[in-house]
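# Observations on the model geometry
Listed below are the residues making up each chain.
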Amino acid sequence: MQIGYAQKREMAVQQDGESKKISYYEMNIRTLFGTTEKFTLSRNKSDNENAPYFNIYAYNNKGWIKRKLKAGALWLKSTDDGTQFMAGHIETPLVDGGKMQISLWRAKPLFEGESVDWEYDVVWKPYTPPKEDQQPVSTQREIPVTVMPTDITINEDEIPF
């Protein structure tokens, strides 16, 4: 299910007395309750081959945050036919497992003549645990059976009801 989009942004910042342009992606996601949340995607500069391609950070009104609050990550992936996309997660208590699994795909117009002014569509895939982790659900409830001893004699005159 498409839940948002990501588009490239540039911001001029002052660093060591020089004006410098910083490129990043702004990701907008419609949350479960209909509001829109913004995130900043910045390219990971790590040389580690297992490092994410992008880090996802909480967004503020300035876009680029000096003190970054990391909210998730995206890794570069490709399909069997070679189509590249990014897949990862946003950490949130609003979904089962605490991680909202998302993927970003190159945006394409849905119909001829439509213009798309963003670069990526954000797609959410709800988490489903692997089959071996799922416990079978029993619809039957076991009721313990109590067997009355046969050697008890009951005097019906002593029963109060």
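Higher on the page you've got the structure.
Heads up: these notes are all about the structure in this document. (Residues numbered from 1 in each chain as written. Predicted model: local features only at pLDDT ≥ 70, side-chain atom pairs only at ≥ 80, totals over all residues. Heavy atoms only, no water.)

## Some words on the overall build of the protein
Our working definition: Helix and strand definitions follow DSSP, with helices as H or I runs of at least four residues and strands as E runs of at least two, each counted in order from the N terminus. Exposure classes here rest on a 1.4 Å probe applied to the protein chains alone. A residue is buried below 20% of its type maximum, exposed above 50%, and partly exposed in between. When checking whether two residues touch, look at their non-hydrogen atoms; a contact exists if any pair is within 4.5 Å. Note that accessible areas follow from Shrake-Rupley with a 1.4 Å probe, and for residues the cover is restricted to the protein chains shown.
When helices and strands are tallied, the protein shows zero helices and eight strands. Listed N to C, the secondary structure of the protein is β-β-β-β-β-β-β-β in terms of helices and strands. For the protein, the proportion of its 161 residues judged to be buried stands at 29%. Taking as baseline every contact in the protein between residues at least 6 positions apart, the subset at least 24 positions apart corresponds to 30%. Counting every atom, the protein has about 13100 Å² of accessible surface; 50% of that belongs to carbon and sulfur.

## Topic: the sheet that holds strand β5 (residues 70-78)
Quick note on the threshold: Any two strands are treated as partners once DSSP identifies two or more bridges connecting them. Axis definition: a line fitted to C-alpha atoms, over the contacting stretch in the case of helices. Angles run 0 to 180 degrees between N-to-C directions.
The antiparallel closed barrel is built from eight strands, whose spatial order is β1-β2-β3-β4-β5-β6-β7-β8. Here the strands of the sheet are splayed against their neighbours by 30° on average, with no regard to which way each runs. Two strands pair when backbone bridges link them, and strand β7 (residues 99-106) and strand β8 (residues 120-124) are joined in this way by five bridges, in the antiparallel orientation. Bridge assignment links I102 to a residue of β8, and that residue is W124.

## Digging into the packing of aromatic side chains
We apply this condition: Note on ring pairs: Phe, Tyr and Trp rings are taken, using the six-membered ring of Trp, and paired if centres are within 6.5 Å. Classes follow the plane angle, with under 30 degrees stacked, over 60 edge-to-face and the rest tilted.
With the rule as written, the count across this model stands at five aromatic pairs. Considering the side-chain rings of Y25 and Y120, the 5.7 Å spacing of their centres and the 65° angle between planes classify their relative orientation as edge-to-face. Taken together, the residues span a long stretch of sequence, with Y25 in strand β2 (residues 18-30) and Y120 in strand β8 at a distance of 95 residues. By the ring-pair criterion, three or more aromatic residues cluster together here, those being Y25, Y53, F54 and Y120.

## A few points about the pairing of β8
With four of five residues buried, β8 is to be regarded as a mostly interior element. With four bridges joining them, strand β1 (residues 2-15) and β8 adopt antiparallel strand pairing. Its bridge partner being in β8, Y5 is matched across the sheet by D121.

## So, the nonpolar core
The line we're drawing: Within this scheme, the nonpolar core is defined by two criteria: the residues are buried Ala, Val, Leu, Ile, Met, Phe, Trp, Tyr or Cys, and they are joined through side-chain atoms within 4.5 Å.
M27, L41, I56, I90, I102 and L104 are the most contacted members of the largest nonpolar core, which totals 20 residues. Of all the elements in the fold, those that place two or more residues in this core are β1, β2, β3 (36-43), β4 (54-58), β5, β6 (84-91), β7 and β8. Residues within four places of M27 in sequence aside, it is in contact with Y5, A6, E37, K38, F39, L41, I56, I90, I102, L104 and V122.

## Focus on the layout of surface pockets
Rules: Points on a 1 Å grid, built from protein atoms alone, make a cavity when a 1.4 Å probe fits but cannot get out and make a pocket when they are open with protein on both sides within 12 Å along at least 5 of 7 lines; residues with an atom within 4 Å of a point are the lining residues. Grid points are joined across faces, edges and corners, and a volume is the space filled by probe spheres set on the points. The classification used treats Ala, Val, Leu, Ile, Met, Phe, Trp, Tyr, Cys and Pro as nonpolar, Asp, Glu, Lys and Arg as charged, and all other residues, Gly among them, as polar.
Space inside the largest pocket adds up to approximately 390 Å³. As for the largest pocket, its lining consists of 22 residues, and the residues nearest its centre are Y25, S42, R43, Y53 and F54. Among the elements of the structure, β2, β3, β4 and β6 are those that each provide at least two residues to the lining of the largest pocket. Counting residues per element, the lining of the largest pocket draws most heavily on β2, at six residues. Residues that form the lining of the largest pocket fall into these classes: 12 nonpolar, three polar and seven charged.

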